[in-house]
Amino acid sequence: MNFAYAAIIGRTIEESKQLTYWDITPEKYLDQENQQLENLRLTGRYGPYEKEYIHKDGHLVPVNLQGKIIERNGIKYILSSMEDITNRKRAEEKAKIDEARLHKGQKIGHLGYWQQDIGGSTIWASEEAMKIYGFEPVAGELPISTIAQCVSDIELIHQAGIDLIKKNKKYDIEFIINPADGSAPKWISTIAEVEKDVEGNPIRIMGVLQDITERKQTEEALLKERNKFIKIAATVPGMICSLHMDPKGVFQMPYASPNSFNVCGFLPEELVQNLCQVISLIHPDDVLNIMESITESAHTLLPLQMEYRYRHPQKGEIWVEHHFMPQREEDGSIIWHGLITDINDRKKAEEKILKAARLYAVISQINQAIIQIRDKDKLLEEACLIAIEFGKFRMSWIGLVNEETNLVTPVTIAGVEDGYLSIIKKISISNLPEGHGPTGSAIREGEHFICNDLETDPRMVLWRDEALKRGYRSSIALPISLFGKIIGAYTLYASTAHFFDQEEIDLLDEVSKDISFALEAIETEKKKKEAEETLLESEERYRLLLEAAPIGIAVHQAGKIVFTNPAGLKLLGAQSYDQILGKPITEIIHPDGLKNALDRTKKLFAGEKGLYPCEDIYLKFDGTSINVEVMATLLTYNLKPAVQVIITDITERKLVEVEIKKLNSELEQRVVERTAQLQSLNKELETFTYSVSHDLKAPLRGIDGYSKLLSDLYAGSLNEEAQTFIATIRSSTKQMNQLIDELLEYSRMERSTMRTEKIRIKELIDAITSLYRADLNAGKFILKMEIPDIELIADSKGLTIALRNLIENAMKFSREKPNPEIKISVEEKKEVWIISVKDNGIGFDMKYHERIFEIFQRLHRVEDFPGTGIGLAMVYKAMHRMHGKVWAESVPGTGATFFLELPN
């Protein structure tokens, strides 16, 4: 035994010699050792084979053994050699582990291996490569044609192989496959190299491929998120940006969103290139605070939030706000990511809210004063003090009107007044220069009056100098009323111009209304006290009135009568109050109407309205019935709810009603007979009308004809006066003829049958206006029409007559205007259509509105404006027959508008 053998088992040579072979051999190798000994007996040799020895410290040492039988001096020995194969075993184990890890890594990373011999028709693929392509996951060869069926762009792969072999171009491509197992398409990435022989000739391509579908999906999702961020950055009401400060304190802006131009007046690329131009525009008073905030955020890495003023290149001075989150970089620099927002509107809103809050405080305090103070003078004094203390106004005062002088007398003042009201010219409420200031105007016109810039407002010329000396820059005067009458004004002065906008005005209007309400309440309370003093007298008078009332008045409670006046006692035929008080109402109301009466009482207690007056039948104490009319109301009687009834005996009236019904029946018959007589008379009237028309027109034609002959035949021998007489005769006959024609048309309208039909209003009005086209053009009229293409339901003949008369009137009364204009409109209102005809003519006084629609009524001479006075009467008649309306609006000298209303 040599030293190396002993060292392998961890012993000295002497220690080893004390052991048997089986002392260092584990039992699990017993069968193997017996087999090797049998080989030694049969062949003279054993091994080589592997086994393990037991080391002295107990661990097993892998060894490789082999031996043979040798003979020396006639004695046979076994010569054995032993090799410690621990390192080799470890390497083999590591190789197995590495192979397993590689196999596992390929599975986890979806990484497969493949190779193809140059010119070959197959491709060898690893297990994972097979799995990626959707084949059975067993390593082996596949025909190139089979692989090609899975690839969507086989030409890409083919060309990449050619470029790799011939041009030594990098083989690194991505493509889509449709796996053979029918699963979803996949993105594949493959990298390959060429293997060459010793002479440098390419013999095969070897490569790896990987399923990168998830990566592609992630990249696509990231791209979508990036695009989404870009859209958000472009649309947020601010500028998303990054601010970088290097270790030396130099600032840069690596990124700015597209909204940078709106926020700070520069494009993103301008900010990235040169941030100094922005820094230079920060308000000088805010620079120090900004730098302190940035330094603190850089040191503590706490969020950076600040507001400051910025001189925007386009907008002028604005307020901006920064919200940044800091982050320290590896090189020690700080980068802030966040948002810069234009908060100028918000700042203005905050100022507005502050003003509103002060005014709300004024309202609240004045309302509290109203509750607590019941003295008029003290309340007005408190209102002025509240305006100074809570509203922060410069000065406030309340003045009341002296009705004898029409001057405003100050009754209370607060704030910086410095003798202003005693120095300035007295304020009047009359329409004079000294009455055109805020206070006088507010009282005279009954609404708030504002001067938002006392320095430039011409109405303040009488008071400007003294007002400006005391720091007044704007003012408002609010009228104070008492039971609807303006009695004074509440005037406030602010120290800034343009202080009052609509919101402040609305709130201050509420203040003046509250003060007016309080004054009314104080006055009402005063009157109430006076009224209370006469209450006992009133109650006594009421009691006497109740007893003297000629109608029955009673109160019932819980179904029983608890009070009645003498008339009620008499109405029911009772002899004494004891006989009626406490009697159930069910014994007084006739059984036929009892249920209805009780139901009405329940509904009355439930709050239902409109139940009374009603009629009932009551039973008198002698058993006879009477007809009564009942009016019932709820009241409190002896602190409990009750019903008061006022009872009127209508027995005689009912008898009269029966008689009236009988008379009505007879009257109906007489109406039928009278209608027949009227129809006969109408027919006779129609005959008479046409007869009179003919008899009147015949002589008129003669007069007109002979006067024309006189003019034609003897004009030369007649002097000017005679010719004027003939012209007057002819004009009068023409006027008389027109009057007869229009009277006939008016009469025919009255008798004609109205025919209701669908009318396309635009077509109808176009047709009517076309009749006057020549006159409109000759008179240079401007005709405007706003008429929708809709259908109306009306009598077409009556509507045509109405429209023609209105258009003719509009032309007649606006003809002499420099630019005569007529506008016809149709619009829909709730359940009606409104047709309007508007002109810019001479107009009329609205006090004659009702008169113009009466027949023969005219407001102008025939010589000035020809006509018969029947046209508007015909319009009124036509609209009345169609259940419509006609009215007009006018101001003399500016024109008139006539309206026709038709049911929709």
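What counts and what doesn't
Residues numbered from 1 in each chain as written. Predicted model: local features only at pLDDT ≥ 70, side-chain atom pairs only at ≥ 80, totals over all residues. Heavy atoms only, no water. Helix = DSSP H or I, 4+ residues; strand = E, 2+ residues; numbered from the N terminus. Contact = heavy atoms within 4.5 Å. Areas by Shrake-Rupley, 256 points an atom, 1.4 Å probe, with all protein chains shown as cover. Phe/Tyr/Trp six-rings, centres within 6.5 Å; stacked < 30°, edge-to-face > 60°. Buried < 20%, exposed > 50% of the residue type's maximum accessible area, 1.4 Å probe, protein only. Lys NZ or Arg CZ within 6 Å of the ring centre and 35° of its normal. 1 Å grid on protein atoms, 1.4 Å probe; cavity = no way out; pocket = protein on both sides within 12 Å on 5 of 7 lines; lining within 4 Å. Points joined across faces, edges and corners; volume = space filled by probe spheres on them. Nonpolar A, V, L, I, M, F, W, Y, C, P; charged D, E, K, R; others polar. Core = buried A, V, L, I, M, F, W, Y, C linked by side-chain atoms within 4.5 Å. Salt bridge = Lys/Arg side-chain N within 4 Å of Asp/Glu carboxyl O. Pairing = 2+ DSSP bridges. Axes fitted to C-alpha atoms, helices over the stretch in contact; angles between N-to-C directions. Parallel < 35°, antiparallel > 145°, perpendicular 65-115°, else oblique. Patch = residues over 30% accessible without salt bridge, like charges linked within 9 Å, V, L, I, M, F, W, Y side chains within 5 Å. Expected span 1.5 Å × (residues − 1). Arc of directions from axis to C-beta.

Undergrad: If you had to explain the overall build of the chain to someone new, which residues and values would you point to?
TA: Counting secondary structure elements, the chain contains 28 helices and 31 strands. Partitioning the contacts of the chain with sequence separation of at least 6, the portion at a separation of at least 24 is 52%. Carbon and sulfur atoms make up 54% of the accessible area of the chain, which totals about 54300 Å².

Undergrad: Could you give me a rundown of the packing of aromatic side chains, with the residues and numbers involved?
TA: Taken as a whole, this structure holds 15 aromatic pairs when the rule is applied. With a centroid separation of 6.3 Å and an interplanar angle of 10 degrees, the aromatic rings of F393 and F500 are classed as stacked. Here F500 lies in the loop between β19 (485-494) and α18 (502-533) and F393 lies in the loop between α14 (376-389) and β15 (395-402), a separation of 107 residues in the sequence. By relative accessible area, which is 4% here, F500 ends up buried. Connected via pairs of aromatic rings, a cluster forms that spans Y5, Y21, W22 and Y53. Against the face of W187 rests K216, its NZ or CZ located 4.4 Å from the ring centre. A cation sits over an aromatic face here: K347 above W319, 4.4 Å from the ring centre.

Undergrad: Break down empty space enclosed by the protein for me, citing the residues and quoting the values.
TA: This structure, assessed with the given rule, holds 3 cavities of 30 Å³ or more. In this structure, the largest cavity spans a volume of roughly 250 Å³. Taken together, 22 residues make up the lining of the largest cavity; nearest its centre are H556, I585, I589, Y618 and V645. By residue class, the composition of the lining of the largest cavity is 16 nonpolar, 4 polar and 2 charged. Counting only elements with at least two residues in the lining of the second largest cavity, the list comes to α16 (438-445) and β19. Among the elements that take part in the lining of the second largest cavity, α16 stands out by supplying 3 residues, more than any other.

Undergrad: Can you break down the nonpolar core residue by residue, with the values?
TA: Core analysis: the largest hydrophobic core is formed by 37 residues, its most contacted members being I761, L799, I835, F898 and L900. At the level of secondary structure, the elements contributing two or more residues to this core comprise α25 (761-771), β27 (791-795), α27 (796-814), β28 (821-829), β29 (832-839), α28 (871-881), β30 (885-891) and β31 (895-903). Considering every element that reaches this core, the biggest residue donor is α27, with 7 residues. Those residues in contact with I835 that lie beyond four places of it in its chain are I761, L792, L799, L803, S825, V826, F898, F899, L900 and L902. Counting residues in each nonpolar core, the second largest holds 36 residues, with L478, I505, L507 and L508 among its members.

Undergrad: Residues and numbers for the pattern of salt bridges, please.
TA: Counting across every chain of the model gives 40 salt bridges. Among the salt bridges present, the one from K170 reaches D172, with a minimum N-O distance of 3.8 Å. What makes D172 partly exposed here is its relative accessible area of 39%. The closest approach of N and O atoms between E307 and R346, which form a salt bridge, is 2.5 Å. Remark: R346 occurs in helix α13 (residues 344-372) and E307 occurs in strand β12 (residues 304-312); sequence separation between them is 39 residues. It is possible to trace a salt-bridge network through shared partners that takes in E615, E629, R653, K654 and E657.

Undergrad: Lay out the sheet that holds strand β9 (residues 202-211) in plain terms, naming residues and giving numbers.
TA: In spatial order, the strands read β6-β5-β4-β9-β8-β7; together these 6 strands make up an open sheet with antiparallel pairing. Of all the strands in the sheet, just β6 (140-143) and β7 (171-177) have a single pairing partner and so form its edges. Between one strand axis and the next, the sheet turns through 30 degrees on average, direction left out of account. The strands touched by helix α7 (residues 154-167) within the sheet are β7, β8 (186-196) and β9, with β7 carrying the most contacts at an inclination of about 170 degrees.

Undergrad: Summarise the packing of α13 against α18; cite the residues concerned and give the values.
TA: Remark: α13 packs on α18, axes separated minimally by 10 Å, with the N-to-C direction vectors making an angle of 5 degrees. Judged by the inter-axis angle, α13 sits roughly parallel to α18. Residues K352, K355, A356, L359, Y360, V362, I363, I366, N367 and I370 of α13 pack against E503, E504, L507, L508, E510, V511, D514, I515 and A518 of α18. Looking at the contact of α13 with α18 residue by residue, the class counts come to 12 nonpolar, 1 polar and 6 charged.

Undergrad: Outline a nonpolar patch on the surface, supporting the account with residue identities and numerical values.
TA: Judged by side-chain polarity, Y706, L709, L710, L713 and Y714 come together as a nonpolar surface patch covering roughly 570 Å² of accessible area. Structurally, the position occupied by Y714 is in helix α23 (residues 651-714).

Undergrad: Help me get a handle on unusual backbone geometry, residues and values and all.
TA: Here G47 and P48 are connected by a cis peptide whose omega angle stands at 0 degrees. Each neighbour pair has its own omega, and for Y612 with P613 the value is 5 degrees, a cis peptide bond. Within the fold, P613 resides in the loop between α22 (591-605) and β22 (614-619). One non-glycine residue, A558, lies in positive phi territory at about 55 degrees. Note on placement: A558 falls in the loop between β20 (552-557) and β21 (560-564). Phi is positive for H883, which is not a glycine, with a value near 60 degrees. By secondary structure assignment, the location of H883 is in the loop between α28 and β30.

Undergrad: So what's going on with the pairing of strand β14 (residues 334-342)? Which residues, and what values?
TA: Bridge count between strand β10 (residues 239-245) and β14: 7 bridges; the pairing is antiparallel. Bridging from a neighbouring strand, C241 pairs with G338 of β14. Where strand β13 (residues 316-328) lies against β14, 9 bridges are found, and the strand directions are antiparallel. What sits directly across from Q327, in β14, is I335. Adjacent in sequence and paired antiparallel, β13 and β14 are bridged by 5 residues, among which G332 carries a positive phi angle near 90 degrees.

Undergrad: Give me the lowdown on the environment of V151, citing residues and values where you can.
TA: Structurally, V151 can be placed in the loop between α6 (144-148) and α7. Judged by its relative accessible area of 8%, V151 is buried. Between the alpha carbons of V151 and P179 there is a distance of 8.4 Å; along the sequence they are 28 residues apart.

Undergrad: Give a description of α7 that names residues and reports values.
TA: The end-to-end C-alpha distance of α7 is 19 Å, a good match for the 20 Å that 14 residues give at a rise of 1.5 Å each. For α7, the full list of buried residues reads I157, A160, G161, D163 and L164. Axial view of α7: buried residues confined to an arc of 165 degrees, hence all on one face. Exposed residues pointing more than 90 degrees away from the buried face of α7 are listed as K166 and K167. For α7, the secondary structure elements touched by its buried residues are β7, β8 and β9. At the C-terminal side of α7, N168 shows a positive phi close to 55 degrees.

Undergrad: I'd like a description of the side chain of S836, backed by residues and values.
TA: Structurally, S836 is set in strand β29. By relative accessible area, which is 12% here, S836 ends up buried. The contacts of S836, once residues within four sequence positions are left out, are K823, I824, S825, T897, F898 and F899.

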